[in-house]
Every structure is written in C-alpha cells, then in structure tokens.
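Descriptive structure summary
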Amino acid sequence: MRIFVEKLFAWLEERCRWSQLRTLGGSNLVRTSVLMPAFGYMLLLNHNVHQYLTITYDGRLLNYLPPTWRVWFLFYGSFFLATAAILYAVLCPSEIKRYVSPFEMADAQTKHRVNLGDYQSVQDRLRESYGAISKTDEKLLGFPKRDLENLNSFGTDWARRISNMLVHHWTAVNVGKKYWRIGLLLMFSLGLGLIAVPAVFTFLQVTALALKLIVSR
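Everything numeric here is computed off the predicted structure, so don't read it as measured data.

1. Quick look at the confidence of the model for the protein
- Mean pLDDT over the protein stands at 76; residues scoring 70 or higher make up 72%.
- Mean pLDDT values for the elements of the protein range from 51 in helix H5 (residues 47–57) up to 91 in helix H7 (residues 94–98).
- Residue range residues 53–62 is modelled with pLDDT below 50. Its contacts to residues more than four positions away, or to other chains, number seven contacts.

2. Looking at a nonpolar patch on the surface
- Residues Met-1, Phe-4, Val-5, Leu-8 and Trp-11 make up a contiguous nonpolar surface patch of roughly 590 Å² in combined accessible area.
- Its place among the elements puts Met-1 in the segment before helix H1 (2–14).

3. Overview of the pattern of salt bridges
- Here the structure, examined in full by the defined rule, presents two salt bridges.
- With a shortest N-O distance of 2.7 Å, Glu-95 and Arg-125 are connected by a salt bridge. With Glu-95 in helix H7 and Arg-125 in helix H9 (residues 119–131), this residue pair connects regions lying 30 residues apart in the sequence.
- Using a relative accessible area of 11% as the deciding quantity, one classes Glu-95 as buried.

4. Overview of the environment of Ala-84
- As for its position among the elements, Ala-84 is in helix H6 (residues 68–91).
- Taking relative accessible area as the criterion, Ala-84 reaches 0% and is therefore assigned buried.
- Counting along the chain gives 104 residues from Ala-84 to Phe-188, while the straight-line C-alpha distance between them is 6.2 Å.
- Ignoring any residue separated from it by four or fewer positions in sequence, one finds Ala-84 in contact with Leu-184, Met-187 and Phe-188.

5. Overview of the nonpolar core
- Counting residues in each nonpolar core, the largest one holds 33 residues, and the members touching the most others are Trp-18, Leu-21, Tyr-88 and Phe-188.
- If you list the elements that add at least two residues to this core, you get helix H2 (18–25), H6, helix H8 (102–116), H9, helix H11 (158–174) and helix H12 (178–216).
- Counting residues per element, this core draws most heavily on H11, at seven residues.
- Beyond its immediate stretch of four places on either side in the chain, Tyr-88 contacts Trp-18, Leu-21, Arg-22, Gly-25, Gly-26, Lys-97, Leu-184 and Phe-188.

About the cut-offs
Residues numbered from 1 in each chain as written. Predicted model: local features only at pLDDT ≥ 70, side-chain atom pairs only at ≥ 80, totals over all residues. Heavy atoms only, no water. pLDDT = per-residue confidence, 0-100. Helix = DSSP H or I, 4+ residues; strand = E, 2+ residues; numbered from the N terminus. Contact = heavy atoms within 4.5 Å. Patch = residues over 30% accessible without salt bridge, like charges linked within 9 Å, V, L, I, M, F, W, Y side chains within 5 Å. Areas by Shrake-Rupley, 256 points an atom, 1.4 Å probe, with all protein chains shown as cover. Salt bridge = Lys/Arg side-chain N within 4 Å of Asp/Glu carboxyl O. Buried < 20%, exposed > 50% of the residue type's maximum accessible area, 1.4 Å probe, protein only. Core = buried A, V, L, I, M, F, W, Y, C linked by side-chain atoms within 4.5 Å.

See below:
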C-alpha cells in the first residue's frame, strides 16, 4: 500500500508542475469561473429570486429550467475552479507566469543582467530557490545543492554563467510548493469534472431527442 501511495504521489507531482498548471490557471474558462459563484448565489441561494420567478410566472418558467442537480454541479464546479484560479494567481511564481520555459527566460533576461552587472543578484536568487526545495525535488532537477558552491563551473564568461543560473532558477521554482501544486491540480480536476458531468448529460439528451425527431419523420 505504501509503495502504491508513493507512486501515486510521484505521478501527481510530475503532472502538476507550475508550468503545467499555467495552462489551466491562465485559461479564459478558469478566469471566467471566478464570477460564477457570485451569480450562483444570486440565482440559487437567494430565496427572493425563486419567489419572484414563482409568483410572476406562476411556476411555469421553472419547468424550463435544468434539473436541480445539474445546476448544483455547475455551481460547485465553477466554485472549485474559481478557488483554484485565485490560489494559482497568488502562489504561482512570477517567473512561470511570465515565461513558458527556462530558456525563454534566459534569452529574455541574460543580456540585460549582464549589462547591469547583476551576477550576484541572480546567484542569490538561485541559492534561495534551491534552498526552498526538498531533497526529493532536488533529485528531480539533477543539480545537487552542493554544486551551488561552485557556480563558476557554469561557464567561462558572465553571459553564459548568468544564462545557466537563470535556467536553473526557473527549473527550481517550477517544482517548488509541491503540496500546494498537488492540491491545485486536484481542485482544477474536480471543478472541470463537475462542470463536464451535466454538459455530457445534456449533450446525450439533446442528441437522443434529435434522433427521435428524425426517426419520427
């Protein structure tokens, strides 16, 4: 059982790097979902709205609304997506939000930092990012912390040294905050799953109705 849990944990960790969560956290669907809980409160939890619909339309309009369980699935699905999106915006490192890969970051910043003579600052940031990861995460990177004591091995010129340090820094922050990343992946998955269930049922019902109409003709 312990081996299974460890393998499952490793499988989840590998699929929830910040660079992979970036696709979900930055998608328009997830960003829009932030507003859904507010609308859900007004439409689902506000008794006055239900009373207004019932009195004004004598209950007939409610017959055209989707089944209650589907509405609740949509509400909770969007709620989980909204929560995950907010946490992603707060917790995801700015380097991952801004750059798709470590090499894009290195290409964008190396020349500028060389001109500023910013070697020490980049080195300090790299030490900080590696100091925040666990020994397990360190093995995933293939760059032991002890090698940070020999940063001159990165190259023979300042541009190459800084470029390599930026690459390693991006890679390090990408695997940081492991438990938060796994939690966000689960929340994104749960939210999308809850939204997908009523969508699939509606699609099947509409398709069945369309086929019925075609056959009846």
